[in-house]
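Letter by letter, the chains look like this.
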Amino acid sequence: QVQVVESGGGSVRTGASLRLSCTVSGNTFSWYTLAWFRQTAGEEREFVAGLTWSDDRTYGAVEGRFTIFRDNAKNTMYLQMDNLKPEDTAVYYCAADLGLRTSCPGNSYDYWGQGTQVTVSS
């Protein structure tokens, strides 16, 4: 059974940094294509960043401030978020899939975490 667990959310001020973590268990971690999405109440889910098993990366509107990377030895994927802004406030979700070969924003993922809240105040 695949489990996806996010951590690292919190409340910070504008300009601060946070690092989110996503641990995936249930299969060989290095095979997964992974992604971060975020969602605020009443809004559609937004693609943040994606990372394939071969380390190809794709970013949404956060490119230049956020960095996605993985540590296969720890079965963990990360989202380093720098220079945070109030508009980054959202619940951040980790997604994983074994069948994807790209990290395109429109991909559909099989496995999802429960989300972690990030709040940025001015």
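Above this text sits the structure in question.
This structure is a prediction, so every number in the text was calculated from the model and none was measured.

Undergrad: Would you mind showing me how to read the state of the cysteines here?
TA: Put plainly, a disulfide is one covalent bond tying together the sulfur atoms of two cysteines. Tallied over the entire structure, the rule returns 1 disulfide. One disulfide in the model links C22 with C94; its S-S distance is 1.9 Å. Linking C22 and C94, the disulfide has an S-S dihedral of approximately -70 degrees and is accordingly described as left-handed. Linking C22 in strand β3 (residues 18-25) with C94 in strand β9 (residues 90-97), this pair joins segments that are 72 residues apart in sequence. Its relative accessible area of 0% is what places C94 among the buried residues. C104 carries a free sulfur, and the closest cysteine sulfur to it, the one in C94, is 17 Å from it.

Undergrad: Whenever I open this one, the nonpolar core confuses me. Can you help?
TA: Considering soluble globular proteins, one finds that nonpolar side chains tend to be buried as a cluster. Among the nonpolar cores identified, the biggest contains 28 residues, and V24, W36, M77, L79, M81 and Y92 are the most heavily contacted of them. Secondary-structure elements contributing two or more residues to this core are β3, β4 (33-39), β5 (46-51), β7 (66-71), β8 (76-81), β9 and β11 (116-121). Setting aside residues no more than four positions away along its own chain, M81 makes contact with A16, S17, L18, L20, R65, F66, Y92 and V118.

About the cut-offs
- Residues numbered from 1 in each chain as written.
- Predicted model: local features only at pLDDT ≥ 70, side-chain atom pairs only at ≥ 80, totals over all residues.
- Heavy atoms only, no water.
- Disulfide = S-S within 2.5 Å.
- Helix = DSSP H or I, 4+ residues; strand = E, 2+ residues; numbered from the N terminus.
- Buried < 20%, exposed > 50% of the residue type's maximum accessible area, 1.4 Å probe, protein only.
- Core = buried A, V, L, I, M, F, W, Y, C linked by side-chain atoms within 4.5 Å.
- Contact = heavy atoms within 4.5 Å.

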